[in-house]
Amino acid sequence: MKKLINAIDDVVKEQLEGMAAAHPELRINYDPKYVVRADAPVKGKVALVSGGGSGHEPMHGGFVGVGMLDGACPGEVFTSPTPDQMYECAKAVDGGAGVLFLVKNYTGDVLNFETATELAHGDGIQVQSILVDDDAAVKDSLYTAGRRGVGTTVLIEKIVGAAAEDGYNLQQCADLARKVNQYGRSFGMALTSCTVPAAGKPTFDLGDDEFEFGIGIHGEPGRERYKMKTADEITEMVALAIIDDGAYTRTVREWDNDKGEWFEKTLTDDPFQAGDEVIAFVNSMGGTPVSELYAVYRKLAQVCEAKGLKIVRNLVGPYITSLEMQGFSITLLKADDEILKYWDAPVKTPGLRWGA
Amino acid sequence: MAITKAEIVTWLEKITAVIQENKDYLTQLDSPIGDADHGINMSRGFTKVLEKLPSVADTDIGTILKTTGMTLMSSVGGASGPLYGTFFMRAGTAMAAKQELSGDDLYTLLQSGVDGVVQRGRPQLQDKTMYDALLPAVLALRAALDNGSSIHAAVETAVAAAAKGRDDTIPLQARKGRASYLGERSIGHQDPGATSSHLILQALLDSLENQG
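In what follows, the accompanying structure is described. (Residues numbered from 1 in each chain as written. Chains lettered and ligands numbered in written order. Predicted model: local features only at pLDDT ≥ 70, side-chain atom pairs only at ≥ 80, totals over all residues.)

With that settled, the discussion passes to the interface of chain B and chain A. Across the contact, 25 residues belong to chain B and 28 residues belong to chain A. Each residue belonging to the side of chain B that touches chain A can be placed in one class, and the counts come to 8 nonpolar, 11 polar and 6 charged. (Contact = placed C-beta atoms within 7 Å. Nonpolar A, V, L, I, M, F, W, Y, C, P; charged D, E, K, R; others polar.)

We now examine the sheet that holds strand S4 (residues 71-77) of chain A. Residue and element names in this part refer to chain A. In space, the 6 strands of this open sheet follow the order S1-S2-S4-S3-S5-S6, with mixed pairing throughout. Looking at the sheet topology across the chains shown, the edges are occupied by strand S1 (26-30) and strand S6 (127-132). Sheet twist, expressed as the mean angle between neighbouring strand axes with direction ignored, is 20°. As judged from the 2 bridges shared by strand S2 (residues 33-37) and S4, these two strands associate in the antiparallel manner. By the bridge assignment for S4, Val-36 is matched with Gly-71. (Pairing = 2+ DSSP bridges. Helix = DSSP H or I, 4+ residues; strand = E, 2+ residues; numbered from the N terminus. Axes fitted to C-alpha atoms, helices over the stretch in contact; angles between N-to-C directions.)

Residues and elements named next belong to chain A. Relative to each other, helix H4 (residues 152-165) and helix H5 (residues 170-183) sit at 150°, their axes nearing to 9 Å. Our classification of the angle between H4 and H5 gives roughly antiparallel. The handedness of the crossing between H4 and H5 comes out as right-handed. In this structure, H4 uses Thr-152, Leu-155, Ile-156, Ile-159, Val-160, Ala-163 and Ala-164 to contact H5, whose residues at the interface are Cys-173, Leu-176, Ala-177, Val-180 and Asn-181. For the contact of H4 with H5, a count of residues per class yields 10 nonpolar, 2 polar and no charged. (Parallel < 35°, antiparallel > 145°, perpendicular 65-115°, else oblique. Left-handed = near helix turned anticlockwise from the far one by under 90°.)

Before going further, it helps to spend a moment on unusual backbone geometry. Residues and elements named next belong to chain A. In this chain, Asp-31 is followed by Pro-32 through a cis amide linkage whose omega measures 0°. Following the sequence through the fold, Pro-32 ends up in the loop between S1 and S2. The omega torsion across Glu-57 and Pro-58 is 10°, close enough to zero to call that bond cis. Summarising the element assignment, Pro-58 is placed in the loop between strand S3 (47-54) and S4.

The structure is reproduced here in structure tokens:
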């Protein structure tokens, strides 16, 4: 393993210290670990909090700022943060209008955020928790933990962050987050594995002439393995896996603030249809250069056109990564007026910045 | 002979030691079907428990177990953190103020812990999780106690049931957690959570050496 590391146990802490030094507009707490806007809590505004394992930078800490997240809780590399982090972070950002947890659907993240939701509720904080589960590589929800939360997470944080800034209340923010999640689908692939510092060796073996199709963002193996193909062929496979994906139904849990208990909700996402306007997001897994992302975007634009999807906005770059893994993911998000309005609104964070 | 508070403290110390010994093994099991961090996370959590133990060793068994649960909850992360955290917190709540435990108490301790795991993670048998080792162990303990076994013999039976449950996860296709995404590729691998659950129960047995 060759990495820019001082001591393996200090990786997350030193990364946070570096962020603090580079970004005085953020305030960083070390015990427990969380990142908040320096001006938190913003009085009367719904606060957005997300979190997850480290190793996906700039997500989530890099998306803390005006027009996006109020707080982020970094776990160890690829390991969910813990309920005490989420709870303390929620207390630090709650400006009286409530806290919305945006939770990527991984068993660890879900269990820890559910515990934190109960703790925050116990403290009298209005809280809601919305699951992000957009990974079309996972086919069914019956025999798995359901679709994972991947690329759409970035878009939800941007769009709902802008809506919260515009005065949406907690329920409206939760409804918008749920809608964006249901309108978005992602799919990822990898050319190489990645190495978790504490593990010291690559998480899986992948031959020089192979790629892994349908990966998540934690170096977990994907759905299938193929012999290497051209950029156009791979992009078409990934794009079609999203565009041709059928309806997806699963049951999620949301929090009832009045009763103080979880309730279940069954949601169905409809497939894309010719004529849909979409936001197209081509993301690097960390090791793939931007030059190759544009080769992917070039083919993606052709596939979308052939399928009758109109790309109205795009985002190209490394935003939700998997350490140094080579590979990319595509996210397509069906866009309506509400989504586009808040996509275009100003954002000012270390990782995403426009109009501000 | 009742289980003493000192034996419960020894149990937690022995868990820490056995997790430390098996840190690489657990991580290795987690590599093909998970994200290669189970041993690392469990080791971090129980090392913290060991640091906290002296400050609560003089209290009562409930407090010791609850402190263990809260420490795991805030230091392990992943899915194991809230699951094992809840296990020990519920076990602690059920053992509130107790200075020693009967066989029935030990059963209640473990059953309460498992109930907590069920409430948090909603597992079913054969999902290929820690529950596949924990539930058979608790049932075996109950049956052995009902048949008049000594505490030591009953725990021995429970550990054997946990080992069998652990081994029985090998041919299963995972339906929970990250391993579930592998579909059929999860078959043939032993579940790391069931493995660590067996180690925790083995440590319990090892700490009851003086029990008849």
